[in-house]
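Spelled out, the chains give:
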Amino acid sequence: MHTLLSNRLFLVGLITVLCTAIYVITLNISLGVASCALYIFPVLMTIYLPAARSTLWTAVLCSGLMLTGFYYSPEGDVIEEVLINHALALFVIWGAALFIIINKQTKEKLQFTQFAIDRSGDAAFWMGPDDQFIYVNEATCRSLGYSREELLQMTIYDIDPGLPREIGESLWQQIKENKYLSFEATHRRKDGTVFPVAIMSIYLEFQGKDYACQFARDITERKQAVSAMEKSEKRLRQLLDEMLEGCMIIGFDWTYLYINDAAASHVYKRRAELIGRTMPEMYPGVERSEIFAAYRRVMEQRKPERLDVSFTFPDGAIGWYEISVQPVPEGIFVLSLDITERMNSGRRIREQARLLDLIFRHSLDSIVLLDKDYNFIRVSESYAKVCQREVSAFPGHNHFDFYPSALEQEMEPFRREKKIFGRLARPFVFPDHPEWGTMYWDLGLVPILDQTGEIELFLFTLKDVTGQVRAEEKSLEYITQLKALSRRMLTVQEEERRAIARELHDEIGQGLTAVKIRLQAMELTCQGCELTFSTDNLHEALRTAGALLEQVRNLSLNLRPLQLDDLGLAVALRSLIMRDAATAGWIAHFDEDLSAGRYDSNLELACYRVAQEALTNVMRHAGATEVWMSVRRSDQGLRLTVRDNGRGFDPASARSATGRSHLGLLGMEERIKNMAGQFEIGARRGEGTVVQAIFPIATAIADQAGLA
């Protein structure tokens, strides 16, 4: 600005001197001085007014003033010298004005150019052939962190550490030859950090010297954006490759440009087989398919479509696909989802729904679907028939509004814990039909949970077991009667046995005893006399009578042991095992603890009969050499145990077999059950047998009181 002002003052002074000299020559010094002053004013206006129009008008004003000076010259006429002098002054005035206009416009353009370059967002700098900076703008200083004075003392190699001199010289030659060169480089700031730049270099020649004007733009963000875009593209491709949905790009010529593994599996091929091949080439006849028609429409109309289609492959397999087709610059992008399993599942669901409908229609047992609040969703026709309502009358109503009962309170704990509820033969009376009487149902309430583990609905099943309950009640009555009859039969049997035993003992036994005594007397008589006949028959008759008497005595004891009535259970059992041991050749062991004395006669008789049957079985089937019998009183009652070391047997097989052994076991069980006792057999083949019976004492006393 100071230089410009000095130039302007120099011009003003020069023009003023010239104008003064012109008017001094014109003979009228005072008027010349006045005219010169008038000339100086418009020239100064020309210098300091920036508009070109103002400069032109100033020149016109100067011309008018010059003519005025001609008119008012003192001689009153215009002489040749004055005219020449004034014309020369006018030329000088116009020349000065034109010079000022051109100089002013040039400087304004230079100022604007420098202003624009200095304030450019990109770094701009000028270099000579020696790579020395001769000009840098403010952006260069900001980006590199140096001052303008520092940079003007540096070369390009100071800010580009990765640029060897031989490459720099080669670049200078390329710039000079091509007049323009664009490339990427790296710049280093004053703090040592390095950043990438894009360089645009322009070759200039001025006053016989070579210059390079370079513009450098920081492309760090662009590099980062490109890197991010590359990473994003890589992630996108990886995402496409790993997607469960099929993705593929098909070109306008039907060539597979891209396809992921899922899409390849959808079309029963490998990716390598498809890339670069066309659809008609890979699937002959595909042009006639619905899929290809959809692809063609999107190719031609450039509008997206979505459709569910089936496709029959060359091997006859049928696949269902949900397809979205989008137009892309390369052709079309196809997103495919294999819904074959879903379609098959849909068919299975429909089939299951049909079967469920058949079950609800034809099930003999009642089936009810309830929501979590026990509202009816659906009922079977059998349930509606039992309730004597239409199937359509139930949905939307609450079960316990129709049939209030205590069942809701019973089910509530199971509902809270999400457990299955079940009851057998639960009685129920229809509140609106009490005349139907009590019905019995086997109930089942199954909670069905949703994905969150909460109850979504209930499956309520009911089976009418009223007939069974009635039959069981009748059976219980019959069983009770049979038990009473069985006890009565056993009582009658024992009474008959007692009568027979006494008859054998008192009548037949005494008669045989009398016969034996007379035969013995006859034998004594015959010993002292001489007889002409043999006594062998007499001796044989005597032996026969003794054997018959022993048999009668054994029959009497087996039918009704007199020791049991007269001496008690312990004596009767000891006598029983010793007699059987003598007969079978066992080693017998007997142990008893009946310190309380006598027990109820029915209990003692039942205990004796069980022991008698057990010993009979040992004698017939066990092949034992030792037998142990124990009878004791315990907290549970009277406990009888019979054990042997025989061959053992399988109780289950013996119970299922027919014959005497089977009836023997049944007889023991029947006697023990009639006394409300417990019966147990422990036996293994080759390991002997243990028979154990427990007779409750209190029950026996009560039974005796009942029979009395």
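Quick caveat, the model's predicted, so the values are computed rather than measured. (Residues numbered from 1 in each chain as written. Predicted model: local features only at pLDDT ≥ 70, side-chain atom pairs only at ≥ 80, totals over all residues. Heavy atoms only, no water.)

Within the secondary structure, Glu604 sits in helix H22 (residues 601-622). Setting aside anything within four residues of it in sequence, one finds Glu604 in contact with Leu564, Leu569, Arg598 and Tyr599. (Helix = DSSP H or I, 4+ residues; strand = E, 2+ residues; numbered from the N terminus. Contact = heavy atoms within 4.5 Å.)

Taking strand neighbours across the sheet as the criterion, the five strands line up as S7-S6-S10-S9-S8 in an open arrangement whose pairing is antiparallel. Where the open sheet ends on each side, the last strands, each with one partner, are strand S7 (256-259) and strand S8 (305-312). Strand-to-strand twist in this sheet, taken as the mean axis angle between neighbours without regard to direction, amounts to 25 degrees. Across eight bridges, strand S9 (residues 318-328) lies against strand S10 (residues 331-338) in antiparallel orientation. Within S10, the residue paired with Ser324 across the bridge is Leu335. Of the strands in this sheet, S9 and S10 touch helix H14 (residues 340-362), which is tilted by about 135 degrees from S9. (Pairing = 2+ DSSP bridges. Axes fitted to C-alpha atoms, helices over the stretch in contact; angles between N-to-C directions.)

For the rest of this paragraph, the subject is the pattern of salt bridges. Opposite charge on two side chains lets them pair, provided their charged atoms get close. All told, the structure shown has 23 salt bridges when counted by the stated rule. Salt-bridge contacts for Arg354 lead to Glu351; the nearest nitrogen and oxygen are separated by 2.6 Å. You can see Arg354 and its partner Glu351 sitting in helix H14, three residues apart, about one turn around the helix. Residue Arg354 is classed as partly exposed on the basis of its relative accessible area, which comes to 43%. Here Glu454 makes a salt bridge to Lys418, at a shortest N to O gap of 3.5 Å. Taken together, the residues span a long stretch of sequence, with Glu454 in the loop between strand S14 (439-449) and strand S15 (455-464) and Lys418 in the loop between helix H17 (407-417) and strand S13 (421-428) at a distance of 36 residues. (Salt bridge = Lys/Arg side-chain N within 4 Å of Asp/Glu carboxyl O. Buried < 20%, exposed > 50% of the residue type's maximum accessible area, 1.4 Å probe, protein only.)

For the rest of this paragraph, the subject is the sheet that holds strand S12 (residues 376-379). Ordered in space as S12-S11-S15-S14-S13, the five strands form an open sheet in which the pairing is antiparallel. Only two strands of the sheet have a single partner each, and these edge strands are S12 and S13. On average, each strand axis in the sheet is tilted by 20 degrees relative to the strand beside it, whichever way the strands run. Here H17 sits on the sheet and contacts S13, S14 and S15; the angle it forms with S13, its principal contact strand, is near 175 degrees.

It is worth spelling out helix H8 (residues 165-178) at this point. Side chains that are three or four residues apart share a direction in an α-helix, a result of its 3.6 residues per turn. If you check H8, its first and last C-alpha atoms are 20 Å apart, about what 14 residues at 1.5 Å a residue would give, namely 20 Å. When H8 is considered as a whole, its buried residues turn out to be Gly168, Leu171, Trp172 and Ile175. Buried residues along H8 cover an arc of 105 degrees about the axis, so they all sit on one side. Turned more than 90 degrees off the buried face of H8, the exposed positions are Glu166, Glu169 and Glu177. Those residues of H8 hidden inside the fold are in contact with strand S1 (123-127), helix H7 (156-159), strand S3 (180-188), strand S4 (194-206) and strand S5 (209-218). Just past H8, the residue Lys179 takes up positive phi, approximately 70 degrees. (Expected span 1.5 Å × (residues − 1). Arc of directions from axis to C-beta.)

With that settled, the discussion passes to the nonpolar core. Core analysis: the biggest nonpolar cluster contains 40 residues, and Leu569, Leu573, Met629, Val631, Leu638 and Phe695 have the highest contact counts within it. Where this core is concerned, the elements lending two or more residues are helix H21 (569-584), H22, strand S17 (626-633), strand S18 (638-644), helix H24 (660-674), strand S19 (678-683) and strand S20 (689-695). Listed in part, the 27 residues of the second largest apolar core include Tyr256, Ala263, Leu307 and Tyr321. (Core = buried A, V, L, I, M, F, W, Y, C linked by side-chain atoms within 4.5 Å.)

Where S19 meets S20, six bridges bridge the pair, whose relative direction is antiparallel. Residue pairing in the sheet places Glu680 in a bridge with Gln692 of S20. Counting the residues in the hairpin turn of S19 and S20 gives five residues, including Gly686, whose phi is positive at 85 degrees.

Between the first and last C-alpha of H22 there are 30 Å, a value that for 22 residues agrees with the 32 Å anticipated at 1.5 Å per step. After H22 finishes, the residue Gly623 shows a positive phi value of roughly 65 degrees.

The quantities given are spatial measurements derived from coordinates; they are silent on function.
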